Amino acid sequence: MKIKELYRQLVPRPRTPVTWMRAVSLIFFLVLYAALCIGLEQSGVLLFARPWAFGLILFSVWVWWLSIAGYGGLSKGRALAALISRLLMLGLFVMLIAEPRSVRVRDVISVVYAVDLSDSIGESSVDSALEFVMKTVTEKPQTDEAGLVVFGRNSAVELPPRVSFPYEALNSRIDRDATNLQQTLSLAAAMLPEENRGRIVLISDGTETEGSISQVLDELKSRDIAVDVLPIQYEYDKEVWLENLELPRFVKLGENYEAAVVLSSLQPGSGKLVLRENGKPIFEKDVTFKAGKNRYVVPIYLRSPGYYEYSATIETKRDDDQIRENNTVLNYIFVEGEGKVLVVTDPAGDERDWQPLVKAIREGERNVETVSAYEFPSDSLSLMPYDAIVFVNVPADAFNVIQLKAVHDSVFNQGIGFMMVGGDNSFGPGGYHRTVIEDALPVTMDITKKKVLPKGALAIILHTCEFPEGNTWGKRITKQAIKVLGAQDEVGVLIYDFMDGEKWLFKLMPAGDYEKMVPKINGAQIGDMPSFANTMQLGLNGLIQSDASTKHMIIISDGDPQPPTPQLIGQFQKNKVSVSMVAIYPHGGRDISTMRGIAGATGGRYYFPSDPNQLPSIFIKESKTLKRSMIQNETITPEVGMISPVLKGIAEIPPLHGYVLSTIKPRAEGILNAPEKKEAEGEIDPILSFWRYGLGTTAAFTSDLSPNWGADWVNWDHYQAFIKQLMIKISRVQKQDHLKMWSHTSGNKTTIMVEDFHPEESFLNVAARISGPHDRQETVVLKQVSPRRYQATVPLWGKGRYQVMAVGKAGNREDHANGGFIVPYSPEFLRFRSNPIVLDQIAARTGGQRLSPENASEVIYGRRDPKTSSNPIFDWFLIALAILVPLDVGIRRIQLDWYVIKSWFKFGKEDKSSTATMGALLQRKQNVTEELDSRKGPPDPQSTIAKLQEQRQQTTRPPVPGKAETKPPEKKSTDKPDPPAGGSEENQTTTGRLLDMKRRRNTDDDKDK
């Protein structure tokens, strides 16, 4: 029963007969709606992602039925308008569910050229590939776009796809010791705009040493990105290379040993084999070799402990050997002996900075070696003979990044001690902020706000560097310069962009936000700046707005932009902003004089480096000009913080006449501190501090130990004892470990072996951490392969020096073994033929073609297929739907008085017709009320309703002049009269007709039940 009632409510009975004529509006709507949707999709204006949703338009039949079967009390016109609004709302809603998308057709091809720069590709092949790129780009249609990606182990974007192709030189810095096609194609595909037809042109030899190309080809196919390939063909039929240099695993001083050299060749031949020990030849011999592997044995003799690095080289005729890079192999032997202390000095420093310290160390019965920063080793393995390393007032720009990384690794992995001694070229003023050395030290160069320092502001302007990897160098040195600055110092970078002209890459912001700056610097597109003036003015405006006390600008350029006006130079002088100029490969004398003149006029410095490797030190030196405020030239007497063996037997501590501000790290030991200052209450300036970093101990002495700030210390009775105890604290402790480790490298893999010599045999859990090139680390677990022997094979990730630290644990026992190995050349140099089959597979799976240099541009840009793209347009349909909702409500709920509306526009009579209409309505209402009262009987005299009705009648019927007021006739009967039976509708009142209709409807419902 309830279901039937629900059905009647949803599908009511029609009140009047339904004819086909009444369905015309529905049929017309459906036909028009179908024609509109089909027309929009067929014409390519719109497409609908879910066309099945159009089946919901059948609900329009139900909406139409409710309109004609129900009774809303609306006139025919309003009822039709309400029906149309409801159908339109339903149609828009169905379109929304069908997910409409606007269609855009573009006949533009975007091409990304991917050029292989890996070591297996010769320089001549790279030049030919770039010539091919330039030739095809110049022949492309003007509306098409072209971009450039270069790759090796990693990939880099040289130019994004654009109509112009402003290529000048390769500026990206990539690792060339491997080939990763997967990463390259992914990067190239990500650069292609979705609205254009995308295509990749891959120029490579087809070798793949990293990644898996199959993982990206399906994605390219799904995106309809074709990969055209241009194979770089080569095949070497004559090649000689050295595979390995085998050295004895365990040696003793004064005994003879043998070194074995493994040589391979594709053809029989001859050459000279040379073996060098620490760079000095110790063996030379003419050898004849056969095709395949050859082994040569060379005697060696070790006379003293230390680090011995051996290199073996085969020298052959040029015609018998195409690749020279694989003709040398390296290996080393470390013979333990008495530990030494290595004191590192500033090449441009004063000998008095380190002489008292070196003398005190020798008096403490330790061997000391003194080297300048330029002579410092570049790998951590060669630092193994030293128990401690001491930097004495030497700046960071005297080293390169590799040397500093070697110090860091030797401390962390080998347990070598490290100490930095202060001075005006150490710690923050020396440029060590945000370096690996700061990571190792127990103090940081970031200064808290309580230690009030004058703030500096630095603006860096980068101009296109027209030398190999020039822009990459510019980005790299910019990041290194920012690292030197304090967290509160401000820095901004300006460039000339190909599209936007002169602009801030990022405006002046605290250097502490370094992590936010790096992505912007890496993604910068540095263009050829036409004039210095606009960019310098933009930078000057930013510096003027800064509240920094020191303001400086650095410009790197080739000098060819137009010089600034004298008025602009005057603004720099007026605002005390110095400008340093770095000239890189300037074009001539005028360019040099322009840059030198700008620097001289503003009080800056001019640099003309002959080698790009000098750029980082120049930028660091310039940034250090803002760091001098960290130097505290005041006399203090250090206070003891924590008790330490370093202060054993020392009762009084002499004063120091200066130190460098720094902040001690949370877990470090503060042994000596500067007295607390009132303006920095709660903040402590460390003088001497220690902490454990990896396997080593590091120390920071923020004053100096020379006659400068430490004059009273040098003449102190306990100076030598203090230095001795200080060296004992930080030096590596020689511990007798029972593990021995060695390694064997073959091709692109190495095998690590660890042997246990403990008196009691037991099973060990052995793991090894391998640190190698590209700041990459791997941890492997060694499996037991025989009693007391453990082994693991590890894939290598490029040429360079690898360190290995093995740890063996069993119960309370823990032993360590340190070692390493050297990969002398890239595995790319062991490939003697190209692999075009891989390239053909890439082209076939993605719908590309193999290109020929003769007609390549026609094939690349001639295969035109306009790209159809679509974007969702839900918003516009939602807006239209939101407009229809109040319109539908207005049609149904609001009655318009057209007489009033006409009067607004002065149509018809003024107010009389409207008043007459209102009077007629009131008269009609009164008649209906009287009719109802006559049927119900006389009203109760006491009835409030009756009284209100009487009052309303009196107020709504004003007396007519000249006519006496009459009372309504009294009702003679209270019985409710029956409606006239069989009377015509014309003789009945409106109310009577309504009552009859209601009565008939109730009778029909009773019959249905």
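The rules behind each value
- Residues numbered from 1 in each chain as written.
- Predicted model: local features only at pLDDT ≥ 70, side-chain atom pairs only at ≥ 80, totals over all residues.
- Heavy atoms only, no water.
- Salt bridge = Lys/Arg side-chain N within 4 Å of Asp/Glu carboxyl O.
- Helix = DSSP H or I, 4+ residues; strand = E, 2+ residues; numbered from the N terminus.
- Pairing = 2+ DSSP bridges.
- Right-handed = clockwise from strand over helix to strand, strands pointing away.
- Expected span 1.5 Å × (residues − 1).
- Buried < 20%, exposed > 50% of the residue type's maximum accessible area, 1.4 Å probe, protein only.
- Contact = heavy atoms within 4.5 Å.
- Phe/Tyr/Trp six-rings, centres within 6.5 Å; stacked < 30°, edge-to-face > 60°.
- Lys NZ or Arg CZ within 6 Å of the ring centre and 35° of its normal.
- Axes fitted to C-alpha atoms, helices over the stretch in contact; angles between N-to-C directions.
- Core = buried A, V, L, I, M, F, W, Y, C linked by side-chain atoms within 4.5 Å.
- Patch = residues over 30% accessible without salt bridge, like charges linked within 9 Å, V, L, I, M, F, W, Y side chains within 5 Å.
- Areas by Shrake-Rupley, 256 points an atom, 1.4 Å probe, with all protein chains shown as cover.

Moving on: the pattern of salt bridges. In the structure shown here, the tally under the stated rule is 31 salt bridges. A salt bridge links Arg352 to Asp350, with the shortest nitrogen-to-oxygen separation between them at 2.7 Å. Across the pair Arg801 and Asp379 runs a salt bridge, and its minimum N-O distance is 3.5 Å. With a gap of 422 residues between them, Arg801 in strand 38 (residues 800–810) and Asp379 in the loop between strand 16 (367–372) and strand 17 (386–392) connect regions that are remote in the sequence.

Here we take up the pairing of strand 16. Pairing of strand 15 (residues 340–345) with strand 16, which is carried by six bridges, proceeds in the parallel orientation. Of the residues in strand 16, the one forming a bridge with Leu342 is Glu369. Of the crossover connections in this fold, the one passing from strand 15 over helix 8 (residues 355–363) to the parallel strand 16 is right-handed.

For the rest of this paragraph, the subject is helix 21 (residues 874–893). Its 20 residues give helix 21 an end-to-end C-alpha distance of 29 Å, which sits within 8% of 28 Å, the value for a rise of 1.5 Å per residue. Along helix 21, the residues classified as buried are Phe877, Leu881, Leu884, Asp888, Gly890 and Ile891. Turning to helix 21, the residues buried within the fold contact strand 1 (46–48), helix 4 (76–97) and strand 2 (100–106).

The subject of this paragraph is the side chain of Thr594. Relative to the elements of secondary structure, Thr594 occurs in helix 15 (residues 589–602). Excluding its chain neighbours within four sequence positions, the residues that come into contact with Thr594 are Phe532 and Pro563.

Take the packing of aromatic side chains next. Taken as a whole and judged by the stated rule, the model has 22 aromatic pairs. Chaining the aromatic ring pairs together yields one cluster made of Phe29, Tyr33, Phe48 and Phe54. The ring centre of Phe690 lies 5.4 Å from the NZ or CZ of Lys729, which sits over that ring.

The three strands are arranged 1-2-40 in an open sheet whose pairing can be described as antiparallel. If you trace the sheet from one side to the other, it starts and ends with strand 1 and strand 40 (867–872), each paired once. Averaged over all pairs of adjacent strands, the angle between strand axes in this sheet comes to 40°, irrespective of strand direction. Pairing analysis gives three bridges linking strand 1 to strand 2, with the strands arranged antiparallel. Its bridge partner lying in strand 2, Phe48 is registered against Pro100.

Turning next to the nonpolar core. If you look at the biggest cluster of nonpolar residues, it comprises 74 residues, and the most contacted ones within it are Phe376, Phe391, Tyr432, Trp713 and Phe722. Setting aside anything within four residues of it in sequence, one finds Phe376 in contact with Leu342, Val344, Val371, Leu383, Ile389, Phe391, Phe399, Gln403 and Val407.

Moving on, we get to a nonpolar patch on the surface. A contiguous nonpolar surface patch, about 530 Å² in accessible area, is contributed by Leu6, Leu10, Leu56, Phe59, Trp62 and Leu66. Among the secondary structure elements, those contributing two or more residues to the nonpolar patch are helix 1 (2–10) and helix 3 (59–69). For the nonpolar patch, the element with the most residues is helix 3, which contributes three residues. Considering the arrangement of structural elements, one finds Trp62 in helix 3. Look at Trp62 and you get partly exposed, because its relative accessible area is 38%.

Attention now moves to the side chain of Ser118. Here Ser118 is to be found in the loop between strand 3 (109–116) and helix 5 (123–138). Other than its neighbours up to four places away in sequence, Ser118 contacts Phe151, Gly152, Arg176, Ala178, Thr179 and Glu828.

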